[in-house]
Amino acid sequence: MMRLDADLVARLKEDGPGWQGRANDLLRAAVGL
């Protein structure tokens with residue numbers, strides 16, 4: 001399990017469904033994958 005700050009999750013959810021996939025894409029890019 002991964003813990004994320006509530007304000008970060010709220011911001012990701014603002015863009016609608018699929019926020020978890022977008023979060024995954026952002027994290028992959030951040031670590032160079």
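Each chain has its residues counted from 1, following the order in which its sequence is written. In keeping with the model being predicted, local features are shown solely for residues with a pLDDT of at least 70 and side-chain atom pairs are shown and tallied solely at 80 or more, while totals for entire chains, interfaces and linings include all residues. Side-chain measures were taken over the full set of non-hydrogen atoms in the model, leaving aside hydrogen atoms and water.

Looking up the protein chain in an unreviewed UniProt entry gives the name BrnA antitoxin family protein, with the organism given as Brytella acorum.

## Digging into the environment of Arg 3
By the element assignment, Arg 3 lies in the segment before helix H1 (6-13). Separated by 13 residues in the primary sequence, Arg 3 and Gly 16 have C-alpha atoms spaced 20 Å apart. Helix numbering and strand numbering both begin at the N terminus, where a helix is a DSSP run of H or I of at least 4 residues and a strand a DSSP run of E of at least 2.

## A look at a nonpolar patch on the surface
In this scheme, patches are assembled from residues that exceed 30% relative accessible area and form no salt bridge. Like charges are connected within 9 Å, while nonpolar side chains (Val, Leu, Ile, Met, Phe, Trp, Tyr) are connected within 5 Å. Note on areas: these come from Shrake-Rupley sampling with a 1.4 Å probe, and a residue is covered only by the protein chains present in the view. Any Lys or Arg side-chain nitrogen located within 4 Å of an Asp or Glu carboxyl oxygen qualifies as a salt bridge. A cluster of nonpolar side chains, Met 2, Leu 4, Leu 8 and Leu 27, forms an exposed patch at the surface whose accessible area comes to about 350 Å². Following the sequence through the fold, Leu 4 ends up in the segment before H1. Exposure classes here rest on a 1.4 Å probe applied to the protein chains alone. A residue is buried below 20% of its type maximum, exposed above 50%, and partly exposed in between. In this structure Leu 4 comes out as partly exposed when scored by relative accessible area, which is 34%.

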